[in-house]
Structure formats: C-alpha cells, structure tokens
Amino acid sequence: MKRFLAGILAAAMVLSLGACSGKPGANSGAASTGAGGSGGPIKIGVSIWSSTDVLGSQCKTVLDQAAKALGDVQLQYVDQGHVSEKVTASVETLAAAGCKGIIICNSADSEMASAINTCDQNGVYLAQFFRIISKDKSPQIYAQAQKSKYFLGAVHEDEVVNGYNLVNILLNKGKRNICLEAWTPGDATFLQRWTGYKQAITEWNQKNPNDKATLTDPVYANTSSEEGAKVATSFMNSYPKMDALIVAGGGGDPLVGPVGAIKNAGKTGKIAVVSTDF
C-alpha cells in the first residue's frame, strides 16, 4: 500500500508543479510559479527520516521510479532521522536549494507549522507522506494548512484501522497478553495506531468477558535494533505470560532487535510478533 501511495504522491506533486493555471491542491488557489516553461527539470525535495534503512530505501526507490516515469524530474533527498529540529531544518535546506516542491515523509503537526511557514515564504509547494495534520488535536495548524497557498495536502493510510486490524490478527490467533513497542513519543502515526490497538482490545473484552486480553502501555525504542532488543527483553522479564509483541513501526531495525531477543530467550514460536511498515 505504501509503495502505491508514494507513487501517487510524487505524481500529484509533479502535476501540481507543472500546471499552468488552476489550483495546485484542495487547499490552494495559486498556480505554480517555478515549473512548466522554464525548460529545466522540476526539482522536488524529499525530507525523509532515512533514505537508507529498510523502509526508507524502499520509499526512495518508489519515488525515484515515479520521478523517472514522469519524465523531467529531479529529486533531492535530505535525511532527518525523526529529529524535530532536523525535520524543520531539512525543509529550509531544500527550499534554499531551489526545490519547487517538497515531500515531507514523517512529520509531527508542530513541525508542519514551521514547514508550511518556510514553504509559504519561499513559494515552494509542500505535501505530506505517511502523515496528516490532525484537525481535532491541532486545529490552528490545520487552519494554517487550509489557508496556505502552497500546502497541497497529504497521502496517508487510515492508521486507526491499521492498528485495529493488527491487534485482531493476534486476538484471532489466541494471543491475550500483548506488549507494545513504539518508536517516538508523540508521533502522530503511532498515536493513531495506538487508538486502533486499544479499540480492538476494548471491543474484544466487551464481547468476551471470560476471555479478556491485555495490552501494555507503550515502551519507546526509537529506531535502533539495540533499543528494540532491550525493550523486548524487558517485556519478557516483566510479563512472564507475554504471548505477543507489537512492534508499532519505525522501519526495519526496531523489528530486528526484538526478534533477535526473543530468539535468544528461546521463545521463538511462543511469543508472536506483528508489525507495520516492514
């Protein structure tokens, strides 16, 4: 699904930049000022957590292929590692480099406020990938995006449904003691997935009062295999009845560590592992 979304986002960005007139997106009434008639390639910047890890490299491959298929498009990548200051700085860097549009992959609502300001000031179009600004939790930033002449919108999945379905996979396999590993506190995508996890647990327990399931609060492992292994080991020590682990996302490394820790503990096949983004 995410491969398809990446291609759509790149195509939408190029089509918006190449337009001679009309609205570049649902939130804007301005036409592109930097493409279609300059004779040069359309330069699009990509702010991404990593262009080299398992998930990020796949996203890069898809975006590169989309750019190639679309024709005269040049992509410039800046890796920002999920670090808030680097996320906002990456947008500034890409705008200064002459990009006519920027795709920002993984960004908190608070970071989008700065990103939108930067793009408005520089006349650069902006789109989100993987994320969407929360209308309910960030109404001011949502309104800022709606008013922006350069914010195109977002391409994302229904993360609540994603989380809901993931937990139901475990419940239907007979798993009742589920531990939760997350990557970064406050991340918008994780918070939505967590909502889905909790919804699935609540519904199951209401329907099955004599066969209830539990879900721990999240423990954050960031995006390294080492921290993921430590979190999984801690869960196994703290919850002897643990029979399932959710690795909520964050790329390949956060999954590698827990799987290795479970194997080293001799519990492969005893503790089920599910994940998203891998």
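Residues numbered from 1 in each chain as written. Predicted model: local features only at pLDDT ≥ 70, side-chain atom pairs only at ≥ 80, totals over all residues. Heavy atoms only, no water.

Describing the nonpolar core
Here is step 1: If you look at the biggest cluster of nonpolar residues, it comprises 20 residues, and the most contacted ones within it are Val167, Ile178, Leu180, Phe190, Tyr197, Leu215 and Ile246.
Here is step 2: Considering each element in turn, this core owes the most residues, 6 residues, to helix 7 (residues 188-207).
Here is step 3: What phenylalanine 190 contacts, discounting residues up to four positions off in sequence, is Leu180, Ala182, Trp183, Tyr197, Pro218, Tyr220 and Ala248.
Here is step 4: Membership of the second largest hydrophobic core comes to 19 residues, among which are Ile102, Cys119, Ile133 and Ala145. (Core = buried A, V, L, I, M, F, W, Y, C linked by side-chain atoms within 4.5 Å. Buried < 20%, exposed > 50% of the residue type's maximum accessible area, 1.4 Å probe, protein only. Helix = DSSP H or I, 4+ residues; strand = E, 2+ residues; numbered from the N terminus. Contact = heavy atoms within 4.5 Å.)

Side note on the side chain of asparagine 106
Here is step 1: With respect to the helices and strands, asparagine 106 occurs in the loop between strand 3 (101-105) and helix 4 (109-122).
Here is step 2: Residue classification places asparagine 106 among the buried residues on the basis of a relative accessible area of 9%.
Here is step 3: Side-chain polar atoms of asparagine 106 contact the side chain of arginine 131, separated by 3.0 Å.
Here is step 4: Those residues in contact with asparagine 106 that sit more than four places away from it in its chain are Trp49, Gln80, His82, Val87, Glu111, Phe129, Phe130 and Arg131. (Polar contact = N/O pair within 3.5 Å; in protein donor to acceptor, adjacent residues only side chain to side chain.)

Points about the pattern of salt bridges
Here is step 1: All told, the structure shown has 3 salt bridges when counted by the stated rule.
Here is step 2: Of the charged contacts, one joins arginine 193 and glutamate 159 as a salt bridge, the two residues approaching to 2.8 Å between their closest N and O atoms. In this pair, arginine 193 is assigned in helix 7 and glutamate 159 in helix 6 (residues 159-172), connecting sequence segments 34 residues apart. Per residue, the accessibility class of arginine 193 equals that of glutamate 159, and both read buried.
Here is step 3: The partner of aspartate 211 in a salt bridge is arginine 176, with the nearest N and O atoms 3.0 Å apart. (Salt bridge = Lys/Arg side-chain N within 4 Å of Asp/Glu carboxyl O.)

Digging into helix 9 (residues 253-264)
Here is step 1: Along its 12 residues, helix 9 runs 17 Å from first to last C-alpha, staying within 8% of the 16 Å computed at 1.5 Å per residue.
Here is step 2: Within the span of helix 9, buried status applies to Pro254, Leu255, Gly257, Pro258, Ala261 and Ile262. Viewed end-on, helix 9 has its buried residues packed into an arc of 165°, placing them on one side of the element. Seen from the buried face of helix 9, the exposed residues on the opposite side, beyond 90 degrees, are Val256, Lys263 and Asn264.
Here is step 3: Looking at the buried residues of helix 9, the elements they touch are strand 6 (177-182), helix 8 (225-238), strand 9 (244-247) and strand 10 (272-275). (Expected span 1.5 Å × (residues − 1). Arc of directions from axis to C-beta.)

Considerations on the environment of lysine 175
Here is step 1: Mapped onto the secondary structure, lysine 175 falls in the loop between helix 6 and strand 6.
Here is step 2: Sequence separation between lysine 175 and aspartate 243 is 68 residues, and the spatial gap between their C-alpha atoms is 6.0 Å.
Here is step 3: Residue contacts for lysine 175: discarding those within four places in its chain leaves Leu170, Asp243, Ala244, Lys270 and Ala272.

Some details on the packing of helix 3 (residues 84-96) against helix 4
Here is step 1: Relative orientation of the contacting elements helix 3 and helix 4 amounts to 10°, with a least axis distance of 9 Å. With respect to each other, helix 3 and helix 4 are oriented roughly parallel. Judged by residue contacts, Ser84, Val87, Thr88, Val91, Glu92 and Ala95 of helix 3 engage Glu111, Ser114, Ala115, Thr118, Cys119 and Asn122 from helix 4.
Here is step 2: Split into classes, the residues belonging to the contact of helix 3 with helix 4 amount to 5 nonpolar, 5 polar and 2 charged. (Axes fitted to C-alpha atoms, helices over the stretch in contact; angles between N-to-C directions. Parallel < 35°, antiparallel > 145°, perpendicular 65-115°, else oblique. Nonpolar A, V, L, I, M, F, W, Y, C, P; charged D, E, K, R; others polar.)

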